[in-house]
Amino acid sequence: MSEIRKHYFLDEYCIIASERGKRPSDFASKKTASVVSDCVFCGGNENKTPPGTAVYKDGEVLADKEGSLVTGWDVRCIPNLFSALSPKPAILPDPEASQWSIQEGFGYHEVIVESPIHGRMISDFSDNEMSLLIRVYKERVSHYRSQDGIKYVSLFKNWGERAGASLDHTHSQLIALPILPPSLKREQDAIHAASGCPYCDIVEKESRSVRLLYENSGAVAFCPHFSMNPFEVWILPKQHVNHLANCTDEMLRLIGDAIRFVVKRLSISSLARRMDFVTLSVYVTA
Ligand SMILES: [Zn+2]
Ligand SMILES: [Zn+2]
């Protein structure tokens, strides 16, 4: 059972999930073949993972049933076998029982397998594949934000061992938590206190700056003036919108196009390749 622990005195939290240390890793063997027969995420190996909670096939959303697994899928969402969290209601422990603040690690942790084909990368995706992936992001976020007790949903994609990815078959992850991380709470408070929308202001200014990397009719990608990481890139919609769930299909298509452009540029940049990892994050409050 994982735990959500509070910092000794700061308003900061961490998840302690010792089971995740048992995850398999295929980086050690440095497999490069386009087909890896024992890869659990490859099409045809559905029986090596838990039943899919949402399996996208030919535009339809299906779910795997016990003994009947959907094959020939385009995108497959499955519970993380080495989950950092457990989908049970949170029970606050008796304060007498623990010296420090602990909360049961309630929440959801899902893996989104973006393609059945081993070695296929987001940067190679067709327009249809990219649109489907962003649609899946939107629908899975909407599903989890409506669950009881969930206050925050985070979508992220780690590429490369140093970013924390343990399997190299292309996949994203979703975590739904019963707490809003304090850094996001501070951001939310600052936005509510501002006179206009700070993000619209950023889009307006950065789309005319030397830091602009890419723009299409619905989104901009730029290296932020305030960067916390090397090669940090922000992708923002041009239109004011307060949630991924409120984006139209056309907005999602254009955001997907910008993500694909940035990932492709990072994958061909010799400097970025030396970094050997990419983390893509989408922050969403429930
Ligand atoms: Zn694979
Ligand atoms: Zn705005």
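Residues numbered from 1 in each chain as written. Chains lettered and ligands numbered in written order. Predicted model: local features only at pLDDT ≥ 70, side-chain atom pairs only at ≥ 80, totals over all residues. Heavy atoms only, no water.

1. Considerations on the pattern of salt bridges
Okay, so step 1: Under the defined criterion, the tally for this structure stands at 13 salt bridges.
Okay, so step 2: Here Arg76 makes a salt bridge to Asp64, at a shortest N to O gap of 2.8 Å. In this pair, Arg76 sits in strand 5 (residues 75-79) while Asp64 sits in the loop between strand 4 (60-62) and strand 5, placing the two residues 12 residues apart along the sequence.
Okay, so step 3: Given the relative accessible area of 2%, Arg76 is considered buried.
Okay, so step 4: Given a relative accessible area of 9%, Asp64 falls into the buried group.
Okay, so step 5: Across the pair Arg208 and Glu204 runs a salt bridge, and its minimum N-O distance is 2.8 Å.
Okay, so step 6: Three or more residues joined by partner-sharing salt bridges are found here, namely Asp127, Asp257 and Arg260. (Salt bridge = Lys/Arg side-chain N within 4 Å of Asp/Glu carboxyl O. Helix = DSSP H or I, 4+ residues; strand = E, 2+ residues; numbered from the N terminus. Buried < 20%, exposed > 50% of the residue type's maximum accessible area, 1.4 Å probe, protein only.)

2. Considerations on the coordination of the zinc ion (ligand 2)
Okay, so step 1: Bound to the zinc ion (ligand 2) are the protein donor atoms Cys197 (SG), Cys200 (SG) and His240 (ND1), situated 2.0 to 2.2 Å from the metal.
Okay, so step 2: One chain supplies every donor to the zinc ion (ligand 2), and in sequence these donors are spaced C-x2-C-x39-H.
Okay, so step 3: Owing to a relative accessible area of 30%, Cys200 belongs among the partly exposed residues under this scheme. (Donors = N, O, S within 2.8 Å, 3.2 Å for Na, K, Ca; no water.)

3. What to know about the coordination of the zinc ion (ligand 1)
Okay, so step 1: Listed as protein donors to the zinc ion (ligand 1) are Cys39 (SG), Cys42 (SG), His118 (ND1) and His169 (ND1); their distances from the metal cover 2.0 to 2.3 Å.
Okay, so step 2: For the zinc ion (ligand 1), the four donor atoms in the first shell make angles of 105 to 113° at the metal, a pattern classed as tetrahedral.
Okay, so step 3: The sequence pattern formed by the donor residues of the zinc ion (ligand 1) is C-x2-C-x75-H-x50-H. Pair noted here: Cys39 is in the loop between strand 2 (13-16) and strand 3 (54-57) and His118 is in the loop between strand 7 (108-113) and helix 1 (127-145), with a separation of 79 residues, a long-range link. (Tetrahedral: all angles 85-135°; square planar, octahedral: opposite > 155°, others 65-115°.)

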